[in-house]
Amino acid sequence: MLASQLMDLRSTLHTQGVIFTYSGYVTEPVLSGVGEALKQKLAIDDADTKTLRSVFAIFVEQMQNIIRYSAEKTETPLPPTGYPKALREMRYGILTIGKEGEDYVVCAGNLVQRADVPRLHARLDRIKEMNKEELKALYKEQLRAEPEKGSKGAGLGFMEIARRASKPIEFDFNDLDDDYAFFALKATI
Amino acid sequence: MIEKLDIEATPRTPAVAFDFANHHLKISGESYPEDVTEFYGPVFIALDNYLKKIGKNKCRFDFELIYLNSSSAKAIMMVMDKLEDAAKNGATVEVYWYYDHEDDTMQELGEEFGEDLESAKFHLEKMAG
């Protein structure tokens, strides 16, 4: 029973071409560890340098998006003094890296507030339609701009993903309840 | 004034070798730190202190970056701005951006930074090997 349950899960992933899966609370050390394993796997696959760097870059942006923005989180109510900041709060998400034919795909999913969906949707729609030149121009503009309210990074993550991807990004939202939606983003390299 | 700033590379942060006495500054490696401000904060302070007193001296800054994430790109842009300001104020600043010839994203990023430099002189070079 136990073996067949886990094997089912594994074969579901396997038939979708998934090589790596992480589902759970994502922390920076998780990013480092999975990232190292990913680099090794890509080296074993003999991926060319450009592919290796692009898959890795997209993986980092996707992981950091979960760490910073997933709406599903657990918080330690009263952290002891000197407790590392990053451990006070952990955010939940799922990330897969796999292959579709010759392409690598990096997918990430996490909860978002439904109130944020229209803004995210508009931003991603805009990025998705852009060609490489337009993306380059927008990236440069954003690099100089003040980060958007609520942003914890440079506001460049989605653009970096789109620039590194070899096909237009794909994304989707699934309403969960009145407050939350599940957000999924796929990048192909 | 401090003579140099040396920070060893880690898997997620670049090596910083600022040889202020010889006016040769260099950042090399990979940059995707957990907290960009925490890593680049002290680098900015040391750089600001140096550039404040640079006057009409000549300085060279080498970027040899393999990979940087999007929040690090913002930090690198701020370094470029500081160098450009120093050059505007009379220093001779040579900026070298080395890129892996197999990674055109890093080449393009270098070009983008270079476009914004007017007083500082920008050089785009392939990494050796």
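What this report covers is the structure whose coordinates are included nearby. (Residues numbered from 1 in each chain as written. Chains lettered and ligands numbered in written order. Predicted model: local features only at pLDDT ≥ 70, side-chain atom pairs only at ≥ 80, totals over all residues. Heavy atoms only, no water.)

**Concerning the environment of isoleucine 58 of chain A**
Residue and element names in this part refer to chain A. Within the element layout of this structure, isoleucine 58 appears in helix H3 (residues 49–69). Sequence separation between isoleucine 58 and glutamate 28 is 30 residues, and the spatial gap between their C-alpha atoms is 15 Å. If we skip the residues at most four places from it in the chain, isoleucine 58 touches Val106, Ile161, Arg164, Ala165, Ala187 and Ile189. (Helix = DSSP H or I, 4+ residues; strand = E, 2+ residues; numbered from the N terminus. Contact = heavy atoms within 4.5 Å.)

**Concerning the pairing of strand E6 (residues 121–126) of chain B**
Residue and element names in this part refer to chain B. Pairing geometry for strand E5 (residues 92–99) and E6, over six bridges, is parallel. If you follow tyrosine 96 over to E6, its bridge partner there is histidine 123. For the handedness criterion, the β-α-β arrangement of E5, helix H3 (residues 104–115) and E6 is classed as right-handed. (Pairing = 2+ DSSP bridges. Right-handed = clockwise from strand over helix to strand, strands pointing away.)

**Focus on unusual backbone geometry**
The phi dihedral of aspartate 46 of chain A falls on the positive side, at around 65°, and the residue is not glycine. Within the element layout of this structure, aspartate 46 of chain A appears in the loop between helix H2 (28–44) and H3. According to the relative accessible area criterion, aspartate 46 of chain A is exposed, its value standing at 65%. One non-glycine residue, histidine 23 of chain B, lies in positive phi territory at about 55°. Relative to the helices and strands, histidine 23 of chain B resides in the loop between strand E2 (15–19) and strand E3 (24–31). (Buried < 20%, exposed > 50% of the residue type's maximum accessible area, 1.4 Å probe, protein only.)

**A word on H3 of chain B**
The α-helix winds at 3.6 residues per turn, so residues separated by three or four positions along the chain end up facing the same way. In a regular helix each residue adds 1.5 Å, so twelve residues correspond to 16 Å; H3 of chain B covers 16 Å between its end C-alpha atoms and thus fits that length. Within the sequence span of H3 of chain B, burial applies to Thr105, Met106, Leu109, Gly110, Glu112, Phe113 and Gly114 of chain B. (Expected span 1.5 Å × (residues − 1).)

**Regarding the sheet that holds E2 of chain B**
Adjacent strands of a sheet pair through backbone hydrogen bonds, lying either parallel or antiparallel. Residues and elements named next belong to chain B. Pairing within the open sheet is mixed, and its six strands lie in the order E1-E2-E3-E4-E5-E6. In the strand order of this sheet, the two ends are held by strand E1 (4–7) and E6, each with one partner. Along the sheet, successive strands turn relative to each other by an average axial angle of 15°, direction set aside. Sheet topology places strand E4 (residues 58–68) next to E5; seven bridges connect them, and they run parallel. Opposite glutamate 64, over in E5, you have tyrosine 98 as the bridge partner. (Axes fitted to C-alpha atoms, helices over the stretch in contact; angles between N-to-C directions.)

**Here's the deal with the nonpolar core**
Within the largest apolar cluster, 87 residues are counted, with the highest numbers of intra-cluster contacts made by Phe59 of chain A together with Phe18, Phe61, Phe63, Ile76, Val93 and Trp97 of chain B. Those residues in contact with valine 93 of chain B that lie beyond four places of it in its chain are Cys59, Leu83, Ala86, Ala87, Ala120 and Lys121 of chain B. (Core = buried A, V, L, I, M, F, W, Y, C linked by side-chain atoms within 4.5 Å.)

**Here we look at the pattern of salt bridges**
All chains considered together, the criterion is met by 24 salt bridges over all chains. Aspartate 100 of chain B is the salt-bridge partner of arginine 53 of chain A, the closest N and O atoms lying 3.2 Å from each other. With arginine 53 of chain A in helix H3 and aspartate 100 of chain B in the loop between E5 and H3, this pair bridges two chains. One connected set of salt bridges, linked through shared partners, spans Arg53, Glu160 and Arg164 of chain A together with Asp100 and Asp103 of chain B. (Salt bridge = Lys/Arg side-chain N within 4 Å of Asp/Glu carboxyl O.)

**Observations regarding the interface of chain B and chain A**
How big an interface is tends to be stated in terms of accessible area lost as the parts join. Taken together, the contact between chain B and chain A spans 29 residues of the former and 30 residues of the latter. If you sort the residues of chain B by the area they bury against chain A, Tyr67, Ser70 and Lys74 of chain B come out on top, with a joint share of 22%. At the boundary of chain B and chain A, one finds twelve salt bridges. The shortest N-O distance in the salt bridge between aspartate 104 of chain B and lysine 50 of chain A comes to 2.8 Å. Taken together, the links from chain B to chain A amount to 19 residue pairs in polar contact (both at pLDDT 80 or more). If one sorts the elements of the side of chain B that touches chain A by residue count, H3 of chain B sits on top with nine residues. Class assignment for the residues of the side of chain B that touches chain A results in ten nonpolar, four polar and 15 charged. (Buried area = accessible area lost by both parts, 1.4 Å probe. Polar contact = N/O pair within 3.5 Å; in protein donor to acceptor, adjacent residues only side chain to side chain. Nonpolar A, V, L, I, M, F, W, Y, C, P; charged D, E, K, R; others polar.)

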